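Structural overview for review
Residues per chain, in single letters:
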Amino acid sequence: MSKVNLFHYATSELSQDAFFAWLLSWASPDTEGQMHQYAQNFLRFLYKKANVEFPTIASLKVILQVNNIDIQCRINDNTVLLIEDKVNTKQHSEQLRRYRETLEQENFLQIIPFYIQTGDQSDYSSVINDGYNIITRHDLLQFFEENSALQSQIRNNILDDFVAYMREVEEGVQSYKHLPISKWEWKSWIGFYQELQKRLEDSGWDYVANPSGGFLGFWWEYLDNADGGKQYLQLEQDKLCIKISGESKEKCREVM
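Owing to the predicted nature of the structure, the values given are computational and were not obtained by experimental measurement.

With that settled, consider the pairing of strand β2 (residues 69–75). β2 sits mainly inside the fold: 7 of its 7 residues count as buried. As defined by bridge partners, strand β1 (residues 60–66) adjoins β2 across 6 bridges and the pair is classed as antiparallel. For Leu64, the partnering residue across the bridge sits in β2 and is Ile71. The turn joining β1 and β2, which pair antiparallel and follow one another in sequence, is formed by 2 residues; a positive phi near 55° is taken by Asn67. Examined bridge by bridge, β2 and strand β3 (residues 79–86) share 5 bridges and lie antiparallel to one another. Considered in β3, the bridge of Gln72 is made with Leu82. The antiparallel hairpin formed by β2 and β3 contains 3 residues in its connecting segment, where Asn76 sits at a positive phi of about 55°.

Take Gln151: it is sitting in helix α6 (residues 148–154). If we ignore the near neighbours within four places in the chain, the residues touching Gln151 are Tyr38, Phe144, Leu159, Asp160 and Val163.

The subject of this paragraph is the pairing of strand β7 (residues 215–224). A regular strand carries its side chains on alternate faces of the sheet. Two elements, strand β6 (residues 204–208) and β7, share 5 bridges in a ladder whose sense is antiparallel. Note on β7: the bridge partner recorded for Gly204 is Trp219. Where β6 folds back onto β7 in an antiparallel hairpin, the turn is made up of 6 residues, including Gly213, whose phi is positive at roughly 115°. As defined by bridge partners, β7 adjoins strand β8 (residues 230–236) across 6 bridges and the pair is classed as antiparallel. Counted as the bridge partner of Trp219 is Gln234 from β8.

Before going further, it helps to spend a moment on the sheet that holds β1. With respect to topology, 5 strands assemble into an open sheet ordered β1-β2-β3-β4-β5, the strand pairing being mixed. Only two strands of the sheet have a single neighbouring strand rather than two, namely β1 and β5 (133–136). Adjacent strand axes in the sheet meet at a mean angle of 25° when their direction is disregarded. Judged from the 4 bridges that link them, strand β4 (residues 110–117) and β5 form a sheet pairing that is parallel. Note on β5: the bridge partner recorded for Ile116 is Ile135.

Close contact between helix α2 (residues 33–49) and helix α5 (residues 137–146) brings their axes to 11 Å; oriented N to C, the two are set at 135°. Looking at the two axes, α2 sits oblique to α5. Seen along the crossing, α2 lies across α5 with a hand that is right-handed. Touching Tyr38, Asn41, Phe42, Phe45 and Lys49 of α2 are Asp139, Leu140, Phe143 and Phe144, all from α5.

Here we take up the nonpolar core. Ranked by internal contacts, the top residues of the largest apolar core, which has 39 residues, are Tyr38, Phe42, Leu43, Leu46, Leu81 and Phe144. Among the secondary structure elements, those contributing two or more residues to this core are α1 (13–25), α2, β2, β3, β4, α5, α6 and α7 (157–173). In terms of residues, this core owes the most to one element, α2, which gives 8 residues. Counting 13 residues, the second largest nonpolar core, distinct from the first, contains Ile69, Leu96, Tyr99 and Tyr132.

Inspection of the entire model under this criterion finds 26 aromatic pairs. By way of ring pairs, the aromatic residues Phe7, Phe19, Phe20, Trp22, Tyr38, Phe42, Phe45, Phe143, Phe144 and Phe162 are connected into one cluster.

Thresholds, definitions, all that
- Here the residue index of a chain counts from 1 through its sequence in written order.
- Totals for whole chains, interfaces and linings use all residues, but because this is a predicted model, local features are given only for residues with pLDDT of at least 70 and pairs of side-chain atoms are given and counted only at 80 or more.
- Excluded from the side-chain calculations are hydrogens and water; all other atoms, namely the structure's heavy atoms, are used.
- Whether a residue is buried, partly exposed or exposed follows from its accessible area with a 1.4 Å probe, protein chains only, as a fraction of its type maximum: under 20%, in between, or over 50%, in that order.
- The numbering of helices and of strands both runs from the N terminus, where a helix is a DSSP run of H or I of at least 4 residues and a strand a run of E of at least 2.
- For two strands to pair, DSSP has to find at least two bridges joining them.
- Here, two residues are considered to be in contact whenever any of their heavy atoms come within 4.5 Å of each other.
- Angles here are taken between N-to-C directions and fall from 0 to 180 degrees, while the axes themselves are lines fitted to C-alpha atoms, restricted in helices to the stretch in contact.
- We call two directions roughly parallel when the angle between them is under 35 degrees, roughly antiparallel when it is over 145, roughly perpendicular when it lies between 65 and 115, and oblique otherwise.
- Each helix crossing is assigned a hand: it is left-handed if the near helix lies turned anticlockwise from the far helix by less than a right angle, otherwise right-handed if that turn is clockwise.
- The criterion is simple. A nonpolar core is a set of buried Ala, Val, Leu, Ile, Met, Phe, Trp, Tyr and Cys residues joined through side-chain atoms within 4.5 Å.
- Under the pairing criterion, centres of Phe, Tyr and Trp rings, with the six-membered ring standing for Trp, must be within 6.5 Å; the plane angle then separates stacked pairs below 30 degrees from edge-to-face pairs above 60, leaving the rest tilted.

This is the structure we're talking about:
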C-alpha cells in the first residue's frame, strides 16, 4: 500500500504558506533539537540565495497573511524576510512592489524579499525587476537533497510528506523523457516546454484559456509583417499552428 501524503490534499498556496511558516518557526532560538538544526539550515539557504550574511538570531517571529503578504519572518526586530509563495500561479497587479512598499513603512533595517515558486513558470523577468530573490522547486529539491541525512534522522511526517510531494511533482514534470507522447499529462508538457525554452531563443509558454477547457501553449519564431503585425509558431500540446496577428482579419488573410 502506498503511503498517504498530506500534501496530496493540502495543495493550495495557503497550505504551502503554513508549511513554510511552520518550518521557519523551528529556526527560532526558543526551539531545539534536530528539527531546529534543519530549520536553521533552511534559513541559511535563504540568506545564501539572497547573498546576505547570516546573522546570529536572538529572536524570530513568523506572521501569516498580514497586509496580504503571504509570510513575514521577522528576525531580531530589525530584519524581515518577505515571502511571496506560489503554486503555479504568477505575480499580478504589482503585488510584489506593493508588499515591499508596505514593509518599508515599518522602517526595518533590512527587507529581504523572496518569491517561492513550487510549481512552474515560464518567465520571471518582472519578479527580478521587482528585486525579489527567486526560489524554484529545483532550488528546494537541491536543499532537501543536501539535508537528506538530517531529515532521515528527524523522521517528521510533515517534513517527509512535503519533501516527497515536491519530488513527486518533479517526477511528473520530467516524465516526458520516458513516457510515449500519447501518455503525456499536463506536467509532462510543462517539462517538455521547459526543455524547448532552453533551446529556442525568444520563446515562452503558458496556459491559454478557451471555452473547451484551455491548453498549454508554447510560442516562438516571431517575424514582423509588413503591416506591423506578427507571425509566430505556436504549439498547442499535440497541435502545431502558425499564428498571424495584424490590424484586421483582412490584413491577416493577405499575409496568408
